[in-house]
Amino acid sequence: MRKLTRWWIVSVVALGLVAAGCGSSSSNGSSTTTAASKPSATGKITVSAAASLTEAFNKLGKDFEAANPKATVAFNFGSSTTLATQIQQGAPADSFASADQANMTKLVSAHLIDGTPVVFAKNKLVIVTKPGNPKHVQTLADLPALGTVALCGADVPCGKYAAQVLQNAQVTIPTNKITRGQDVKATLAAVMTGDADAAIVYATDAQSAGNTVTTVDIPESQNAIAVYPIGVIAKSSNKATAQAFTAYVTSPAGEATLKSLGFLPPS
């Protein structure tokens, strides 16, 4: 009777192990099938993005397309204020990447953004001068003595950040010495073409300009931090691919690209 009991216990344990092995195999097979059947991004999307994202998003767009051969990304770059207005007026777009929270909030409040926008990067401001810094600009306090200083439009993010920086430093530039650019690229170009002695722009744009300008850092105590959120447009006809692009921008690969081009991490 004792031998029979031992045989019965061994048999039950063996059957249990076999059942467990079959269950594990079934689970793994199911998981593999699910991953393999996950749809990839397809079709074309248009991303309206802040001008300061031009170099970064062109690179991210190419990388995204390489990872998703059936998807195409087109960009509409400009000041965040202009882009937000275009979207409010019905301009076609699938995603919006702003250089500030204010313009994104306008669209969220108007129910033009699907879901919650995600902050994917930050930026800071710097002074740029003509190559070699011929006017010997060292601080913000040196700007009022220059002939012409380029600032972004007062109603666009880079212009508002510049105003904050000047206020922090308690520096006032005479209005007759200021030339305004419609976005940060136009503001930077004023120095590159010799139309301005200096400008206040994003650090990333100064980096992208290379040796065509000289960069003068602004102390952290006087600087402003630009915040970049991205969101999918509620009326997008291709939300799946727009969401996939957002996921790529916020992925480790996307963050690495943004970092390499001078952007600060989102948090």
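In case you missed it, the structure is sitting above this.
Remember, predicted model here, so these are calculated numbers, not experimental data.

Cut-offs used in this document
- Note on numbering: residues in each chain are counted from 1, in written sequence order.
- Given that this is a predicted model, residues contribute local features only at a pLDDT of at least 70 and side-chain atom pairs are listed and counted only at 80 or more, while totals for whole chains, interfaces and linings are drawn from all residues.
- Computation of side-chain values: all heavy atoms of the structure, hydrogens and water removed.
- In this text, helices come from DSSP runs of H or I with a minimum length of four residues, and strands from runs of E with a minimum of two, each type numbered from the N-terminal end.
- To estimate the expected span of a helix, count its residues, drop one, and scale the result by 1.5 Å.
- Only protein chains enter the accessibility calculation, which uses a 1.4 Å probe. A residue is then buried if its area is under 20% of the maximum for its type, exposed if over 50%, and partly exposed in between.
- When checking whether two residues touch, look at their non-hydrogen atoms; a contact exists if any pair is within 4.5 Å.
- Think of each axis as a best-fit line through the C-alpha atoms, taken over the contacting stretch in the case of a helix, with angles from 0 to 180 degrees between the N-to-C directions.
- Relative orientations are named as follows: roughly parallel for angles under 35 degrees, roughly antiparallel for angles over 145 degrees, roughly perpendicular for angles from 65 to 115 degrees, and oblique for any other angle.
- In this scheme the crossing of two helices becomes right-handed for a clockwise turn of the near helix relative to the far one and left-handed for an anticlockwise turn of less than a right angle.
- Note on residue classes: Ala, Val, Leu, Ile, Met, Phe, Trp, Tyr, Cys and Pro are nonpolar, Asp, Glu, Lys and Arg are charged, and everything else, Gly too, is polar.
- For two strands to be treated as a pair, DSSP must find at least two bridges joining them.
- The crossover handedness rule: strands pointing away from the viewer, path from first strand over the helix to second strand clockwise, crossover right-handed.
- The directions considered for the arc run from the helix axis to the C-beta atoms.
- Salt bridges are defined as contacts in which a side-chain nitrogen from Lys or Arg sits within 4 Å of a carboxyl oxygen from Asp or Glu.

Trainee: Talk me through helix H5 (residues 157-168); I want residue IDs and the actual numbers.
Mentor: Since there are 3.6 residues in each turn of an α-helix, residues three or four apart along the chain are aligned in direction. Under the 1.5 Å per step criterion, the end-to-end length of H5 is 16 Å for twelve residues, consistent within 8% with the ideal 16 Å. Buried residues of H5: Pro 157, Cys 158, Gly 159, Tyr 161, Ala 162, Val 165 and Leu 166, and no others. Just downstream of H5, Gln 170 is the residue with a positive phi angle, here 55°.

Trainee: I'd like a rundown of the environment of Ile 233, residues and numbers included.
Mentor: With respect to the helices and strands, Ile 233 occurs in strand S9 (residues 225-233). Residues Ile 233 and Asp 94, spaced 139 residues apart in sequence, show a C-alpha to C-alpha distance of 5.1 Å. The residues contacting Ile 233, other than those within four sequence positions of it, are Ile 87, Ala 93, Asp 94, Ser 95, Phe 96, Leu 112, Ile 113, Asp 114 and Lys 239.

Trainee: Run through the packing of helix H2 (residues 54-67) against helix H8 (residues 239-249), naming residues and quoting values.
Mentor: When two helices pack together, their arrangement is given by the angle between the helix axes and the distance between those axes. Close contact between H2 and H8 brings their axes to 10 Å; oriented N to C, the two are set at 115°. Looking at the two axes, H2 sits roughly perpendicular to H8. As H2 packs across H8, the resulting crossing turns out to be right-handed. Here H2 contributes Phe 57, Leu 60, Gly 61, Asp 63 and Phe 64 to the contact with H8, which in turn contributes Thr 241, Ala 244, Phe 245, Tyr 248 and Val 249. Residue composition of the contact of H2 with H8, by class: seven nonpolar, two polar and one charged.

Trainee: Which residues make up the pairing of strand S5 (residues 149-152), and what are the values?
Mentor: A two-sided burial pattern is seen for S5, the buried positions comprising Val 149 and Leu 151 on one face and Ala 150 and Cys 152 on the other. Here S5 runs beside strand S6 (residues 178-181); their pairing, made up of four bridges, is parallel. Residue pairing across strands places Cys 152 opposite Gly 181, the latter belonging to S6. For the crossover that starts at S5, traverses H5 and ends in the parallel S6, the hand is right-handed. Sheet topology note: the S5/strand S7 (residues 198-202) ladder contains two bridges and is parallel. Bridging from a neighbouring strand, Val 149 pairs with Ala 198 of S7.

Trainee: Could you give an account of helix H4 (residues 101-109), naming the residues involved and the relevant values?
Mentor: Among the residues making up H4, those that are buried are Asn 103, Met 104 and Leu 107. Each buried residue of H4 sits inside an arc of 100° when the element is viewed along its axis, so together they form one side. Elements that come into contact with the buried residues of H4 comprise helix H3 (80-88), strand S3 (95-97), strand S4 (113-129), H5 and S9.

Trainee: So, the pattern of salt bridges: which residues are in play, and what are the values?
Mentor: Using the criterion set out here, one finds five salt bridges in the structure. Lys 130 serves as the salt-bridge partner of Asp 197, at 3.6 Å between the closest nitrogen and oxygen. With Asp 197 in the loop between helix H6 (184-192) and S7 and Lys 130 in the loop between S4 and S5, this pair connects stretches of sequence that are 67 residues apart. The buried category is assigned to Asp 197, whose relative accessible area is 12%. According to the relative accessible area criterion, Lys 130 is partly exposed, its value standing at 26%.

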